[in-house]
Amino acid sequence: MKMKLLILLLLLSNSIFSQKIKESIQTKKLGTRNFTIVIPPSYENNKDKKYPLLLLLDGEYLLPPFEGTLNYGNYWDDLPEMIIVAIDQNYNEVRFDDSQFDLKGFPIEKGADFFEFIGVELIPLIEQKYRTLPFRIIAGHDTTAGFLNFYLYKDNPVFNGYISLAPEMAPAMETRVAERLSKINKPLFYYQATADGDLPEINEKATTLDKNIKAIQNPNLKYQNDAFKNTSHYSVVTKAIPNALYFIFEGYQPISMLEFQNKIVNLESGYANYLIEKYNYLENMGLQVKPRLSDFKAIEAAILKNKAFLELQPLADYADKKYPKTTLGTYHQALYFEKTGNFKKALKTYQKSFALEEVRELTKDYLMSRADALKGKEDAPEEDAPTEIIEETATDKKE
């Protein structure tokens, strides 16, 4: 009971500090359109930070579950904060007008106007007023889920991620989407969800599209399809949203115990590179994520467990790059010398921490105590040291 209350309070707390702004725009062809902007809690306090953009069709009812999932995931540092744009469409049959297409399966009339409105008017307005990253996701449900696929028909799609929930597809869409995805030349995320309790025509086309996409061999495409059992057309939304967001931001989460045990500790080599590639991947997505200290600790543990001590050197270099003037890189550098038997250099390196900024448990007192423990220890014989250490020691003597 206490845990449930705590989670509820956390979500409410996030909601209090998130800003919801009702906005409208006078469009060229659609008249006045209303939408809601949700600004992350950190937006006002971190003036240099930029955020991915999540655009929600059917914004009136998709906003609460998306916002709740993002708030919860962000609290645990599993999902990034995002700027959400939720477009109002659920009045006067507007969502159907917005998604209008012809018999050949292409947007027409108000559907074509709405398609153009998002790319030419709405997104530029948002990016002018708010600090956004060039990483955009679009999401929709049934009619609007089918509509969002039209953006894939363009040679250079506006969006990087697509969340299609129980899509009602236009003619030939199950073939055209797969064809377009096979030609994508930049990283793109595509997520589709269906429910076994949905209309047969929805599931038939979605199943065909799933089969067609799985036949694609395109390294730029990341794809996931979820076919939920014992689920209705409406309940699929709440089941799919967490899966979709965790799929798109799969590499964002801190290294978990499961990831450590099943992946990292079983590597034959490349432990430091695992960490570097993890955060390079996020940077390539445009996300501004500083490598977590807990992830450095996980990689260190894998190195020590496998006695791959030479990998402490690139880990130290990466720490100095991401946490300059702190004890983190110095600690790993000193540990590198200590574990490879160069105790004198380890002692001197630990002592350098006195002039550096402390990082969590890597306090100056802790590192100085490690230095004290090495006093009087003789370096390991060269024949017992790795080749790299012998060469480095020889170079030092010449200097």
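Residues numbered from 1 in each chain as written. Predicted model: local features only at pLDDT ≥ 70, side-chain atom pairs only at ≥ 80, totals over all residues. Heavy atoms only, no water.

### So, a nonpolar patch on the surface
Thought 1: The grouping of Tyr72, Tyr75 and Trp76 at the surface amounts to a nonpolar patch, some 320 Å² of accessible area in total.
Thought 2: Summarising the element assignment, Tyr72 is placed in helix α2 (residues 59-75). (Patch = residues over 30% accessible without salt bridge, like charges linked within 9 Å, V, L, I, M, F, W, Y side chains within 5 Å. Areas by Shrake-Rupley, 256 points an atom, 1.4 Å probe, with all protein chains shown as cover. Salt bridge = Lys/Arg side-chain N within 4 Å of Asp/Glu carboxyl O. Helix = DSSP H or I, 4+ residues; strand = E, 2+ residues; numbered from the N terminus.)

### Let's talk about the packing of helix α12 (residues 312-322) against helix α13 (residues 327-339)
Thought 1: For the pair α12 and α13, the least separation of the axes is 7 Å and the interaxial angle reads 165°. As summarised for this structure, α12 and α13 are arranged roughly antiparallel, according to the angle between their axes. The hand of the α12/α13 crossing is left-handed. For the pair α12 and α13, the contacting residues are Leu312, Gln313, Leu315, Ala316, Ala319 and Asp320 in the first and Leu328, Gly329, Thr330, His332, Gln333, Leu335, Tyr336 and Lys339 in the second.
Thought 2: Considered class by class, the residues forming the contact of α12 with α13 number seven nonpolar, five polar and two charged. (Axes fitted to C-alpha atoms, helices over the stretch in contact; angles between N-to-C directions. Parallel < 35°, antiparallel > 145°, perpendicular 65-115°, else oblique. Left-handed = near helix turned anticlockwise from the far one by under 90°. Contact = heavy atoms within 4.5 Å. Nonpolar A, V, L, I, M, F, W, Y, C, P; charged D, E, K, R; others polar.)

### Section: the confidence of the model for the protein chain
Thought 1: For the protein chain, the average pLDDT comes to 91, and 91% of its residues sit at 70 or higher.
Thought 2: This model gives residues 12-16 a pLDDT under 50, and the stretch forms four contacts once residues within four places in sequence are excluded.
Thought 3: Residue range residues 388-399 is modelled with pLDDT below 50. Its contacts to residues more than four positions away, or to other chains, number 14 contacts. (pLDDT = per-residue confidence, 0-100.)

### Remarks on the nonpolar core
Thought 1: Core analysis: the biggest nonpolar cluster contains 72 residues, and Leu56, Phe66, Ile163, Tyr191, Phe249, Ile299 and Tyr350 have the highest contact counts within it.
Thought 2: Broken down by element, the residue count for this core peaks at eight residues, all from helix α8 (residues 235-248).
Thought 3: Counting residues in hydrophobic clusters, the runner-up holds 45 residues, among them Leu57, Ile123, Ile184 and Ile216. (Core = buried A, V, L, I, M, F, W, Y, C linked by side-chain atoms within 4.5 Å. Buried < 20%, exposed > 50% of the residue type's maximum accessible area, 1.4 Å probe, protein only.)

### Focus: helix α11 (residues 293-305)
Thought 1: Given a rise of 1.5 Å per residue, 13 residues ought to cover 18 Å, and the 18 Å separating the end C-alpha atoms of α11 matches this to within 8%.
Thought 2: Listed in full, the buried residues belonging to α11 are Asp295, Phe296, Ala298, Ile299, Glu300, Ala302 and Ile303.
Thought 3: Where α11 is buried, its residues meet α9 (257-264), α10 (271-284), α12 and α13.
Thought 4: The first or second residue beyond α11 is Lys307, which carries a positive phi of 55°. (Expected span 1.5 Å × (residues − 1).)

### Here's the deal with the packing of α10 against α12
Thought 1: Two elements in contact, α10 and α12, have axes separated by 9 Å at closest approach and are oriented at 35°. α12 is crossed by α10, and the crossing has left-handed handedness. Note on element contacts: α12 touches α10 through Pro314, Leu315, Tyr318 and Lys322, opposite Ala272, Leu275, Ile276, Tyr279 and Glu283.
Thought 2: Grouping the constituent residues of the contact of α10 with α12 by class yields seven nonpolar, no polar and two charged.

### Quick notes on the side chain of Gln192
Thought 1: Mapped onto the elements of the fold, Gln192 is located in strand β7 (residues 188-195).
Thought 2: Engagement of the side chain of Gln192 in a polar contact is seen with the side chain of Asn225, the distance being 2.9 Å.
Thought 3: Those residues in contact with Gln192 that sit more than four places away from it in its chain are Ser164, Pro167, Met169, Ala206, Leu209, Asp210, Tyr223, Gln224, Asn225 and Asp226. (Polar contact = N/O pair within 3.5 Å; in protein donor to acceptor, adjacent residues only side chain to side chain.)

### Considerations on the pairing of strand β4 (residues 83-87)
Looking down a regular strand, the side chains alternate between one sheet face and the other.
Thought 1: The buried count for β4 comes to five of five residues, which makes it a mostly enclosed element.
Thought 2: On β4, burial covers both faces: Ile83, Val85 and Ile87 on one face and Ile84 and Ala86 on the other are all buried.
Thought 3: As paired strands, strand β2 (residues 32-39) and β4 are joined by four bridges and run antiparallel to one another. Each bridged residue has a counterpart across the sheet, and for Ile37 the counterpart in β4 is Val85.
Thought 4: As judged from the four bridges shared by strand β3 (residues 51-56) and β4, these two strands associate in the parallel manner. Looking across to β4, one finds that Leu54 is bridged to Ile84. (Pairing = 2+ DSSP bridges.)

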